[in-house]
Amino acid sequence: MIVKLNEIDEYYDELDFSRPFVIPTETVYGLAAKIDSDEALRKIFEIKGRPTDNPLIVHISGVEMLETLIEGPVCEEYKVLITKYWPGPLTLIFKCKENLSAVIRGRNQSTVAIRRPRSEALRNLIARIGVPLAAPSANTSGRPSPSCVEHAVNDLGEKVSLYIDDGPCEEGLESTVFGIIDGIPTLLRPGSITKEMIEESLQREIVLKTHASDDEAPICPGHKYKHYAPNASIYLFTGMEWKEKMKTTAEELKDKKIGLIGHQRQNFAVEKFYDIGETLKDKCKNIFSAFRDLDLCCDVIFVHETALEMEGRAFMDRVRKAATYVI
Ligand code: TXA
Ligand code: MG
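Now for a quick tour of the structure.

Thresholds, definitions, all that
Residues numbered from 1 in each chain as written. Chains lettered and ligands numbered in written order. Predicted model: local features only at pLDDT ≥ 70, side-chain atom pairs only at ≥ 80, totals over all residues. Heavy atoms only, no water. Axes fitted to C-alpha atoms, helices over the stretch in contact; angles between N-to-C directions. Helix = DSSP H or I, 4+ residues; strand = E, 2+ residues; numbered from the N terminus. Parallel < 35°, antiparallel > 145°, perpendicular 65-115°, else oblique. Left-handed = near helix turned anticlockwise from the far one by under 90°. Contact = heavy atoms within 4.5 Å. Nonpolar A, V, L, I, M, F, W, Y, C, P; charged D, E, K, R; others polar. Near = heavy atom within 4 Å. Polar contact = N/O pair within 3.5 Å; in protein donor to acceptor, adjacent residues only side chain to side chain. Buried < 20%, exposed > 50% of the residue type's maximum accessible area, 1.4 Å probe, protein only. Pairing = 2+ DSSP bridges. Phe/Tyr/Trp six-rings, centres within 6.5 Å; stacked < 30°, edge-to-face > 60°. Lys NZ or Arg CZ within 6 Å of the ring centre and 35° of its normal.

## A few points about the packing of helix 4 (residues 76-85) against helix 7 (residues 195-202)
Part 1 of the argument: Packing of helix 4 against helix 7 leaves a shortest axis separation of 10 Å and a crossing angle of 120°. Relative to helix 7, helix 4 is oriented oblique. In terms of crossing hand, the pair formed by helix 4 and helix 7 is right-handed. Across from Glu 77, Val 80, Leu 81, Lys 84 and Tyr 85 in helix 4, the residues of helix 7 making contact are Met 197, Ile 198, Ser 201 and Leu 202.
Part 2 of the argument: Split into classes, the residues belonging to the contact of helix 4 with helix 7 amount to 6 nonpolar, 1 polar and 2 charged.

## Regarding the site of ligand 1
Part 1 of the argument: Of all residues adjacent to ligand 1, which total 25 residues, the nearest are Thr 27, Arg 50, Asn 54, His 59 and Ser 175.
Part 2 of the argument: Contact distances for ligand 1 include 3.0 Å between an oxygen atom and a side-chain N or O atom of Ser 137.
Part 3 of the argument: In this structure, an oxygen atom belonging to ligand 1 sits 2.6 Å away from a side-chain N or O atom of Ser 175.
Part 4 of the argument: Listing elements by their share of the shell around ligand 1, those giving two or more residues are strand 4 (57-59) and strand 6 (111-115).
Part 5 of the argument: A total of 4 residues in the shell around ligand 1 trace back to one element, the largest contributor, which is strand 6.
Part 6 of the argument: Grouping the amino acids of the shell around ligand 1 by side-chain chemistry returns 12 nonpolar, 9 polar and 4 charged.

## A closer look at the pairing of strand 10 (residues 184-189)
Part 1 of the argument: Here strand 10 lies mainly inside the structure; 5 of its 6 residues are buried.
Part 2 of the argument: Bridging between strand 9 (residues 176-181) and strand 10 involves 5 bridges; their strand directions are antiparallel. The residue bridging Phe 178 from the neighbouring strand is Leu 187, located in strand 10.
Part 3 of the argument: Between strand 9 and the antiparallel strand that follows it, strand 10, lie 2 residues; Asp 182 among them carries a positive phi value of about 50°.
Part 4 of the argument: Taken together, the 2 bridges between strand 10 and strand 11 (residues 207-208) define a ladder with parallel strand orientation. Within the sheet, the bridge partner assigned to Thr 186 lies in strand 11 and is Val 207.

## Considering the packing of aromatic side chains
Part 1 of the argument: Scanning all chains against the criterion turns up 9 aromatic pairs.
Part 2 of the argument: Pairing Phe 288 with Phe 291 gives two aromatic rings, centres 6.4 Å apart and planes at 55°, and the pair type is tilted. Of this pair, Phe 288 and Phe 291 both sit in helix 9 (residues 280-295), separated by 3 residues, roughly a single helical turn. The same class applies to Phe 288 and to Phe 291, which are both buried.
Part 3 of the argument: Aromatic ring contacts, followed pair by pair, group Tyr 235, Phe 237, Phe 268, Phe 302 and Tyr 325 into a single cluster.
Part 4 of the argument: Over the ring of Tyr 12 we find Arg 128; its NZ or CZ atom is 3.9 Å from the centre of that ring.

## Re the environment of Val 160
Part 1 of the argument: Considering the arrangement of structural elements, one finds Val 160 in the loop between helix 6 (149-156) and strand 8 (163-165).
Part 2 of the argument: Val 160 gets classed as buried once you look at its relative accessible area, which sits at 4%.
Part 3 of the argument: The spacing of Val 160 and Ile 47 is 113 residues in sequence and 8.0 Å in space, taken between C-alpha atoms.
Part 4 of the argument: Setting aside chain neighbours within four positions, we find Val 160 in contact with Pro 20, Phe 21, Val 22, Leu 31 and Ile 47.

## Notes on the packing of helix 9 against helix 10 (residues 312-322)
Part 1 of the argument: Packing of helix 9 against helix 10 brings their axes to within 9 Å, and their N-to-C directions diverge by 20°. Put simply, helix 9 runs roughly parallel to helix 10. Taken as a pair, helix 9 and helix 10 cross one another with a handedness that is left-handed. For the pair helix 9 and helix 10, contact is made by Leu 280, Lys 283, Cys 284, Ile 287, Phe 288 and Phe 291 and by Gly 312, Phe 315, Arg 318, Val 319 and Ala 322, respectively.
Part 2 of the argument: Partitioned by chemical class, the residues of the contact of helix 9 with helix 10 number 8 nonpolar, 1 polar and 2 charged.

Function cannot be read off these values alone, since they describe shape.
Okay, structure coming up:
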């Protein structure tokens, strides 16, 4: 069943929120469960095929819910970020309360990731349900995150019985994940709240830690896993000569159906060209849709790199993790 977010109040009493359901957020669609039901939380992992050691982000309606989840007072630096960027696409890592479900806790079972989503209608729904919602992206584990409800339906189908639809996501990429870890301000997943914005707000440099080396226990368990990839192999082209390299590779792969992601067509034939727009915001918003769309008709997908600054960092993080070949 698909219900529109702006009609949810009319249907509320008929809906079953005791099992995982899909919610729209400004970033990507999420597969949500109430955090007071371990059974529903476990079901999320089963439906997505998600490794059980990868913890979930908890979505809250307001600051009163925050206090029910975290141990101790909010530190001054988090206060600055909360004032500036909540509600919005910024997830913060806190020390969690003893009674929080172990199913969703991170690092040594002592932390919890929390965000307050931008949509007022979604926050009202969380408030009406009365319990924070844990929600990872509503895709099958390893696939691109869903930036519209159809993507979630395609991946999860009848494994989920309630989908709440609010149209295409404003952002299209997952939230920024940031935490002060052992006293070090650390960016765990770049997003549209950029490294530069956080540094400006905190007036100090922050560390970027988005890849865990193999021998190191990751701070953000999501770092360990293959991510965001469609079935078609993704070729990421880098450096000044990316256009020439693309053309040569297209000639080498002439028996394959090539999908091209970019803002301009190139001088070689492709099966399908997907215009992801010109600005960094457009690129972030459209990249997962582009992967899913080209995956329907292409064997390989070509994309070129973007400068590692501002939202370009989030774009490159997702594209690098999805890429089969970097050329
Ligand atoms: O925009 C988003 O954040 C979306 C929407 C639905 O809110 N959610 C999302 O969730 O992207 P997910 O599960 O796909 O990604 C959550 C990331 C994972 O990389 C996970 O490892 C990390 O956040 N994470 C969760 N809890 C953590 C914790 N306590 N400490 C460190 N990293 C954590
Ligand atoms: Mg995800």
